[in-house]
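One-letter residues, chain by chain:
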Amino acid sequence: MMFNNHNVQISPKAAIGKNVRIGDNTIIFDNVIIEENTTIAHNCIIGEPLNEYYSNKDYTNPTTIIGHNSLIRSHTIIYAGNKLERNVTTGHRVTLRENNTVGYHTVIGTLSDIQGNVTIGHYCRLYSNVHIAQFSTIGNFIFIYPYVVLTNDPYPPSYDLKGAKISDYTQIGAHCTILSGIHVGNNCLLGANSVINKNVPDYSLVMGNPAKLIMDIRKYIIPGKGKLYPWMYRYSRNMPWEETDYESWLQQHNPESPKL
Amino acid sequence: MMFNNHNVQISPKAAIGKNVRIGDNTIIFDNVIIEENTTIAHNCIIGEPLNEYYSNKDYTNPTTIIGHNSLIRSHTIIYAGNKLERNVTTGHRVTLRENNTVGYHTVIGTLSDIQGNVTIGHYCRLYSNVHIAQFSTIGNFIFIYPYVVLTNDPYPPSYDLKGAKISDYTQIGAHCTILSGIHVGNNCLLGANSVINKNVPDYSLVMGNPAKLIMDIRKYIIPGKGKLYPWMYRYSRNMPWEETDYESWLQQHNPESPKL
Amino acid sequence: MMFNNHNVQISPKAAIGKNVRIGDNTIIFDNVIIEENTTIAHNCIIGEPLNEYYSNKDYTNPTTIIGHNSLIRSHTIIYAGNKLERNVTTGHRVTLRENNTVGYHTVIGTLSDIQGNVTIGHYCRLYSNVHIAQFSTIGNFIFIYPYVVLTNDPYPPSYDLKGAKISDYTQIGAHCTILSGIHVGNNCLLGANSVINKNVPDYSLVMGNPAKLIMDIRKYIIPGKGKLYPWMYRYSRNMPWEETDYESWLQQHNPESPKL
């Protein structure tokens, strides 16, 4: 039903793996590598040339890699120089500017805008319309909810751009703003619409504008639900511990890791 | 000028009504019904297959209905399983995930992202870039201003997703966040950038993070303007009482309804 | 690599200047003027007809001008009636509704949505996903960061729409909301996620919901960095004083202007 090879344009310098499907009206530019079993849906642009293309006659498009078993949904634009590992999924109308790396099994939601030179780890889930400024670092198993903005300029406009850094397992509520250079620790929960202007220690529940520490997240209990965080003991959908449990998975992968 | 039938793809299993116009580069998938006098503009995707399509060889696309006299603006993506009643209008780049119902004469603005399994009533007006999480319920005559986010997860990430419910005639200011499971009553006004973390009674003016009750909206008076709310007594553009007045229209349609 | 004239549609009533490049799948409607050396990338719609087109058989598309040396990135939609001066750049998926004017050397970022009848001056920089309501006025040398919303309705829904007005050199932090009719002075800095509900005097640093005056921006000093604002004395990238300095440039262009 979907893949009819209609008005598809693929550069002769692109490398397309086995069982790759490419949607109608999609354009694949030079030096794009699409690994096997990956689907690129309709109206996408993959390997969009960098700004330099417009001024440099000798421009060569940097290599772009879309890992195997990935799904790039329609109207997505991925610039040259991105490296997406295997099993990455995007929503619709995602924009990935140049030179990001995206880890395996990460999902980047509809309308999200990754500004370039960003590192995103594995098993992250960015929901719709997340904006990540250049030079940000996102660890692993991080969930970022809609309309979150990570910024990178400490006193705008400046030349001292510095991204934020988010550590593993953290949850960032809808509409949060994280200021330039901030480090958010692991296993945190940032309440909706918070402005994060100071570093956040591991296991913190914070909220407000500016955000304040509410409590150690390990003490956050809802009557009848018990202890909710760290969340990995109660939630496993699409996580690598889905078939087992978090503790077993952790010990198997990193036997030295302390118990949480 | 606009409709030249250029690079249009229509499934033989789609049903296209009389006087329907379909824009260039638009794709209409299986089991889409487009009723008469409706316009689908350029670069749209209507009846986008669900996730299941990618894994199930026997996949059948659920029925999608775009009611008569509707206008779907360019770059809009509507998944299979949506039911849009008559006279629905979308802006550009709207995304409707699967199984929403949208009532007659409702407008969904540019970039809005309706996440699926959402019910939206009639004569609503969602402005640009409104995000509605799955399982939300929006009543009738509701105005939602830009960058509002309705969420659905009470302690993320969880399996207990629960949408918010918004009752009739309510106005939701720009950049508001409404938390999972919240019920906002009818005839409310939520100030810009509020975070709604508790139920809001009918006729409330609330604002802040977290939102606080400011007053009964019926007591909100601007000198020289008089009583402003309920707004239906002073505003009728594109409303069903445009040719008469709200009171007359209400009595005609629901003679038992109490006077406000 | 990029421009192959593939599935391009250009109205015979459009005027295309010398050395203009038009991307694949792009549509140029009637009465669009694209001046020399301008690039329109892929999947764009330029000169989109106004609403009236759908109901008026005698509709004539208003003139649209894209000035010389401009770059309109892919998936951008520009309505008829826009006037863009020279050297304007847009990001991807920008929407310009009708009758805006955009000054020279201004950049409008990815996903930004300019609602129509908006005036934007020269050398402005709107970052990603900025929403400007109808009838807003943006001066010159203004930087607006991601997810800022300018609104225009003082008591929604109303007929008394009134845009905000932003004066020269001002910096508007990410996620700010500026309410209808507000005047923000020149050389201000609005902190991230602020709600601006009162006029802001020149040289103010404000933040919060609602925003409060923190200090005169000229007194804002970071140890080791010194005086940061006005910013024009320390930042010149892509500004007209890039080859000289702000003071010299200012005296040359406006010798009567007082020293800041």
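Every chain is numbered on its own, with residues counted from 1 as its sequence reads. Each chain gets a letter, beginning with A, and each ligand a number, beginning with 1, in the order they are written. A pLDDT threshold of at least 70 governs which residues receive local features in this predicted model, and a stricter bar of 80 or more applies before side-chain atom pairs are shown or counted, although totals over entire chains, interfaces and linings include all residues. To get the side-chain values, all heavy atoms of the structure are used, and hydrogens and water are removed first.

Q: Help me understand the overall build of chain A, please; the structure alone is not making it clear to me.
A: For the purposes of this entry, the term helix denotes a DSSP run of H or I that reaches at least four residues, the term strand denotes a run of E that reaches at least two, and both are numbered from the N terminus. In terms of regular secondary structure, chain A is built from one helix and 32 strands. Rg of the C-alpha trace for chain A: 20 Å, near the compact-globule value of 18 Å for 260 residues, within the 12% margin. Oriented by its inertia axes, the alpha-carbon framework of chain A measures out at about 60 × 50 × 35 Å. Throughout, exposure labels follow a simple rule: accessible area from a 1.4 Å probe, protein chains only, divided by the maximum for the residue type, with under 20% read as buried, over 50% as exposed, and the rest as partly exposed. When burial is assessed residue by residue, chain A has 62% of its 260 residues classed as buried. Any two residues whose heavy atoms approach within 4.5 Å at even a single point are treated as in contact. A separation of at least 24 residues holds for 24% of the contacts in chain A among residues at least 6 apart in sequence. All accessible areas in this document rest on Shrake-Rupley with a 1.4 Å probe, and a residue is counted as covered only by the protein chains that are shown. Here chain A displays about 9,700 Å² of accessible surface, and carbon together with sulfur accounts for 48% of that area. Treating the 21 positive side-chain charges of chain A as one cloud and the 20 negative ones as another, the clouds have centres 7 Å apart. What the globule rule says is 2.2 Å times the number of residues to the power 0.38, and the radius of gyration is computed from C-alpha atoms. Here the positive residues are Lys and Arg and the negative ones are Asp and Glu; neither His nor the chain ends is included. A charge is said to be at NZ when it belongs to Lys, at CZ for Arg, at CG for Asp and at CD for Glu.

Q: Would you take a moment to explain the relation of the copies chain C and chain B for this structure?
A: Superposition of the copies was done by least squares, using only C-alpha atoms of residues whose pLDDT is at least 70 in both. The operation relating chain C to chain B is a screw motion whose rotation component is 120 degrees, with 0.0 Å of axial translation and a residual RMSD of 0.0 Å. Those values place the two copies in the arrangement expected of a three-fold rotation axis.

Q: I tried to follow the packing of aromatic side chains on my own but got confused; where do I start?
A: Geometry of an aromatic ring pair is reported as the spacing of the ring centres plus the angle between the planes. In this scheme Phe, Tyr and Trp rings, the latter by its six-membered ring, pair at centre separations within 6.5 Å, and the angle between planes marks the pair as stacked below 30 degrees, edge-to-face above 60, and tilted otherwise. Counted according to the given criterion, the structure contains 69 aromatic pairs over all chains. When the ring of A:Y169 is compared with that of A:Y246, the centres are 5.8 Å apart and the planes differ by 85 degrees; the resulting orientation is edge-to-face. Taken together, the residues A:Y169 in the loop between β23 (165-166) and β24 (171-172) and A:Y246 in helix α1 (residues 246-253) connect sequence positions 77 residues apart. On the basis of relative accessible area, A:Y169 is assigned to the buried category, the value being 10%. In this structure A:Y246 comes out as buried when scored by relative accessible area, which is 3%. Between the aromatic rings of C:F143 and C:Y235, the centroid separation amounts to 6.2 Å while the plane-to-plane angle is 85 degrees, which identifies the pairing as edge-to-face.

Q: Would you mind showing me how to read the interface of chain C and chain B here?
A: Note on interface size: it is often stated as the accessible area lost on association of the parts. On the chain B side, the residues contacting the 45 residues of chain C number 43 residues. The quantity reported as buried area is the accessible area (1.4 Å probe) lost by two parts once they are put together, taken as the sum for both. Buried surface at the junction of chain C and chain B, summed over both partners, amounts to about 3,500 Å²; 54% is from carbon and sulfur atoms. Together, C:Y54, C:P157 and C:Y159 form the three largest contributors to the area buried by chain C at its contact with chain B, with a combined 20%. Each reported salt bridge corresponds to a side-chain nitrogen of Lys or Arg within 4 Å of a carboxyl oxygen of Asp or Glu. Counting every contact that joins chain C to chain B gives one salt bridge. The residue C:D160 makes a salt bridge to B:K225 at a minimum N-O spacing of 2.9 Å. In protein, a polar contact means a hydrogen-donor-capable atom and an acceptor-capable atom, both N or O and within 3.5 Å, with residues adjacent in sequence counting only if both atoms are side-chain atoms; elsewhere, any N or O pair within 3.5 Å suffices. Across the contact surface, chain C and chain B share 25 residue pairs in polar contact (both at pLDDT 80 or more). Of all the secondary structure elements, the ones that give two or more residues to the side of chain C that touches chain B are β7 (45-48) and β10 (77-79) of chain C.

Q: What exactly am I supposed to notice about the side chain of C:S194 here?
A: Residue and element names in this part refer to chain C. Considering the arrangement of structural elements, one finds S194 in the loop between β27 (189-190) and β28 (195-196). Judged by relative accessible area, which is 0%, S194 ranks as buried. Those residues in contact with S194, other than ones at most four positions away along the chain, are H175, C176, T177, V206, M207, G208 and A211.

Q: Is there a simple way to explain unusual backbone geometry in this structure?
A: In most cases, non-glycine residues show a negative phi, while peptide bonds are predominantly trans. Residues and elements named next belong to chain A. Omega for the bond connecting P156 with P157 falls within 30 degrees of zero, at -10 degrees, which places this linkage in the cis form. Along the chain, the position of P157 falls in the loop between β22 (149-150) and β23. The phi angle at N129 is positive, at roughly 60 degrees, despite the residue not being glycine. Within the secondary structure, N129 sits in the loop between β18 (125-126) and β19 (131-132).

Q: Which parts of the structure should I look at to understand the sheet that holds strand β12 (residues 89-90) of chain A?
A: Within a sheet, neighbouring strands are paired by backbone hydrogen bonds and run either parallel or antiparallel to one another. Residue and element names in this part refer to chain A. Two strands form a pair only when DSSP identifies at least two bridges running between them. Overall, mixed pairing links the 11 strands, which are arranged β3-β6-β9-β12-β15-β18-β21-β24-β27-β29-β30 in an open sheet. The open sheet has two free edges, formed respectively by β3 (21-22) and β30 (212-216), since each of these has just one partner strand. Looking at chain direction, β24 and strand β27 (residues 189-190) are connected through two bridges and run parallel. Across the sheet, the residue bridging to Q171 is L189, located in β27.

Q: So what exactly am I meant to see when it comes to helix α1 (residues 246-253) of chain C here?
A: Count 3.6 residues to each turn of an α-helix, and residues three or four apart come out pointing the same way. Residues and elements named next belong to chain C. Along α1, the residues that are buried comprise Y246, E247, W249 and L250. Buried residues of α1 fall within an arc of 165 degrees about the axis and therefore sit on the same side. Its side-chain oxygen 3.1 Å from the backbone nitrogen of E247, D245 forms the N-cap of α1. As used here, the arc is the angular range of directions from the helix axis to the C-beta atoms.

Q: Can you walk me through the interface of chain B and chain A in this structure?
A: Every contact between the two is made by 45 residues of chain B and, on the other side, 43 residues of chain A. Summed over both partners, the interface of chain B with chain A buries about 3,500 Å², with 54% contributed by carbon and sulfur atoms. Counting the surface chain B buries against chain A, the share from its top three residues, B:Y54, B:P157 and B:Y159, is 20%. Where chain B meets chain A, there are 25 residue pairs in polar contact (both at pLDDT 80 or more). Looking at the side of chain B that touches chain A, the elements with two or more residues in it are β7 (45-48) and β10 (77-79) of chain B. Any residue that is not Ala, Val, Leu, Ile, Met, Phe, Trp, Tyr, Cys, Pro, Asp, Glu, Lys or Arg is counted as polar, Gly included; the first ten are nonpolar and the last four charged. Of the residues in the side of chain B that touches chain A, the class split is 21 nonpolar, 18 polar and six charged.

Q: Looking at this structure, I do not really get the pairing of β7(C). What am I missing?
A: Residue and element names in this part refer to chain C. Sheet topology places strand β4 (residues 27-28) next to β7; two bridges connect them, and they run parallel. If you follow I28 over to β7, its bridge partner there is I46. Note: β7 against β10, three bridges, orientation parallel. Bridge assignment links E48 to a residue of β10, and that residue is Y79.

Q: Looking at this structure, how should I read the pairing of β30(A)?
A: It is a general feature of regular strands that their side chains alternate between the two faces of the sheet. All names here are of chain A. Pairing of strand β29 (residues 204-207) with β30, which is carried by four bridges, proceeds in the antiparallel orientation. Following the sheet pairing, V206 is matched in β30 by L213. Joining the antiparallel neighbours β29 and β30 is a turn of four residues, in which G208 adopts a positive phi near 110 degrees.

Q: Any chance you could explain the nonpolar core here in plain terms?
A: Nonpolar side chains in soluble globular proteins tend to be buried together. In terms of nonpolar packing, the biggest core is built from 69 residues, with A:W231, B:W231 and C:W231 touching the most fellow members. Taken together, the elements giving at least two residues each to this core come down to α1 of chain A, α1 (246-253) of chain B together with α1 of chain C. In this structure, A:W231 is in contact with A:F141, A:F143, A:Y169, A:Q171, A:M239, A:W241 and B:P157, ignoring residues within four places of it in sequence. Nonpolar cores are built from buried Ala, Val, Leu, Ile, Met, Phe, Trp, Tyr and Cys residues. Side-chain atoms within 4.5 Å join them into one set.

Function cannot be inferred from these measures alone, as they are strictly geometric.
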